[in-house]
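Observations on chain architecture
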Amino acid sequence: MLITFEGIDGAGKSTQIKKLQILLQKEGLESITLREPGGTEVAEKIRSILLESRHEISPVGELLLFSATRSELVQQVILPALQKGIIVILDRFYDSTRAYQGYGRGIDLSILETIISLSTYNLKPDVTFYLDIKPEEALIRKFSEKSLPLAFENDDLDRMERSGLEFFRKVRNGYLDIIRLEPQRFTVLNALEPPVVLHRQIIEKLRTKIPALEARNHY
Ligand SMILES: Nc1ncnc2c1ncn2[C@@H]1O[C@H](COP(=O)(O)OP(=O)(O)O)[C@@H](O)[C@H]1O
Ligand SMILES: [Mg+2]
């Protein structure tokens, strides 16, 4: 069982993944949570390239490096785990590539599909939870996290964030487009709901997919 979480930064993916991990553990279901880029020796090395020289890598270069780490992770970690019946949870997968590099950065979508199918060995999630949030709302969460209550009163920052907002609007619209093409795989959640409500909705969906969860009442 492969479960992926998608949504822009600040949507609440990490929060929900943590809750899900705890629940699966409590239920005695073996799971691993992974996050790209990384997870194998080679992928960790590529990760340090991506993070250290982030500003000097072109969008295409970035795409290919991310794809290289993904293919390592899929082949060496994800596929073997799935084969053993372990539940694999991914904090972002190829839908992020489509939304960010495709819709956000403007890389040709059909070329992206080729690179995605190559680097994932055609592996597809059984279920994808998309946490939907407006970029403005996500930004407010980010600011409150860093306790920068004056951020919106600062002209420079405001201008900077406005151009950032445009990018994240494209990404969000990209996600919504992707979901329209594959509605069965996605569960769309309103990220503004409280964490416990979202968790309940996630469990509700997973109960139909994981027999061990189906038998019990969790709330
Ligand atoms: N449903 C929610 N309602 C309100 N705040 C939330 C919710 N989920 C997460 N948060 C807060 O929003 C911020 C971003 O959440 P996080 O889970 O790190 O998002 P992501 O991993 O998608 O970037 C954190 O400060 C978190 O506590
Ligand atoms: Mg996160």
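Because the structure is a prediction, the values reported are computed rather than measured.

Now for the packing of aromatic side chains. Each pair of aromatic rings is reported with the distance of its centres and the angle of its planes. By the definition in use, this model includes 7 aromatic pairs. Summarising the aromatic geometry, the rings of Tyr100 and Tyr175 are spaced 6.5 Å apart at their centres and angled 85° between planes, so their arrangement reads as edge-to-face. Highlighted residues: Tyr100 in helix H4 (residues 94–104) and Tyr175 in helix H7 (residues 155–181), separated in sequence by 75 residues. The same class applies to Tyr100 and to Tyr175, which are both buried. When the ring of Tyr130 is compared with that of Tyr175, the centres are 4.9 Å apart and the planes differ by 40°; the resulting orientation is tilted. Here Tyr130, found in strand S4 (residues 127–132), pairs with Tyr175, found in helix H7; they are 45 residues apart in sequence, far enough to count as distant. Tyr130 sits in the buried class, given a relative accessible area of 1%.

Between two packed helices, both the angle of their axes relative to each other and the distance between the axes serve to describe the pair. Direction vectors running N to C along H4 and helix H5 (residues 109–119) enclose 150°, while the axes themselves pass 10 Å from each other. Accordingly, the angle class assigned to the pair H4 and H5 is roughly antiparallel. The element H4 and its partner H5 pack so that their crossing is right-handed. Across the interface between the two elements, Tyr94, Thr97, Arg98, Gln101, Gly102 and Tyr103 of H4 pack against Leu109, Leu112, Glu113 and Ile116 of H5. Considering only residue class, the contact of H4 with H5 consists of 5 nonpolar, 3 polar and 2 charged.

Below, the discussion takes up the pairing of strand S3 (residues 87–91). S3 sits mainly inside the fold: 5 of its 5 residues count as buried. Summarising the sheet, strand S1 (residues 2–6) and S3 pair through 4 bridges and their orientation is parallel. Bridge pairing in S3 links Leu2 to Val88. The pairing of strand S2 (residues 31–35) with S3 spans 5 bridges and is classified as parallel. The partner of Leu34 across the bridge, within S3, is Leu90.

Before going further, it helps to spend a moment on unusual backbone geometry. The omega torsion of the bond from Glu36 to Pro37 falls at -10°, within 30 degrees of zero and hence cis. As for its position among the elements, Pro37 is in the loop between S2 and helix H2 (41–52). Positive phi, close to 50°, is recorded for Tyr121, a residue that is not glycine. The residue Asn122 is not glycine, and still its phi comes out positive at about 65°.

Attention now goes to the site of ligand 1. Inspection of the region around ligand 1 gives 15 residues, with Gly10, Lys13, Ser14, Thr15 and Glu193 positioned closest. Between ligand 1 and Ala11 there is a distance of 3.3 Å, counted from an oxygen atom to a backbone nitrogen or oxygen. Interatomic distance of 2.8 Å between a side-chain N/O atom of Ser14 and an oxygen atom of ligand 1. Burial of ligand 1 by the surrounding chains reaches 71%, relative to a free accessible area of 560 Å².

Definitions and cut-offs
- Residues numbered from 1 in each chain as written.
- Chains lettered and ligands numbered in written order.
- Predicted model: local features only at pLDDT ≥ 70, side-chain atom pairs only at ≥ 80, totals over all residues.
- Heavy atoms only, no water.
- Phe/Tyr/Trp six-rings, centres within 6.5 Å; stacked < 30°, edge-to-face > 60°.
- Helix = DSSP H or I, 4+ residues; strand = E, 2+ residues; numbered from the N terminus.
- Buried < 20%, exposed > 50% of the residue type's maximum accessible area, 1.4 Å probe, protein only.
- Axes fitted to C-alpha atoms, helices over the stretch in contact; angles between N-to-C directions.
- Parallel < 35°, antiparallel > 145°, perpendicular 65-115°, else oblique.
- Left-handed = near helix turned anticlockwise from the far one by under 90°.
- Contact = heavy atoms within 4.5 Å.
- Nonpolar A, V, L, I, M, F, W, Y, C, P; charged D, E, K, R; others polar.
- Pairing = 2+ DSSP bridges.
- Near = heavy atom within 4 Å.
- Polar contact = N/O pair within 3.5 Å; in protein donor to acceptor, adjacent residues only side chain to side chain.
- Areas by Shrake-Rupley, 256 points an atom, 1.4 Å probe, with all protein chains shown as cover.

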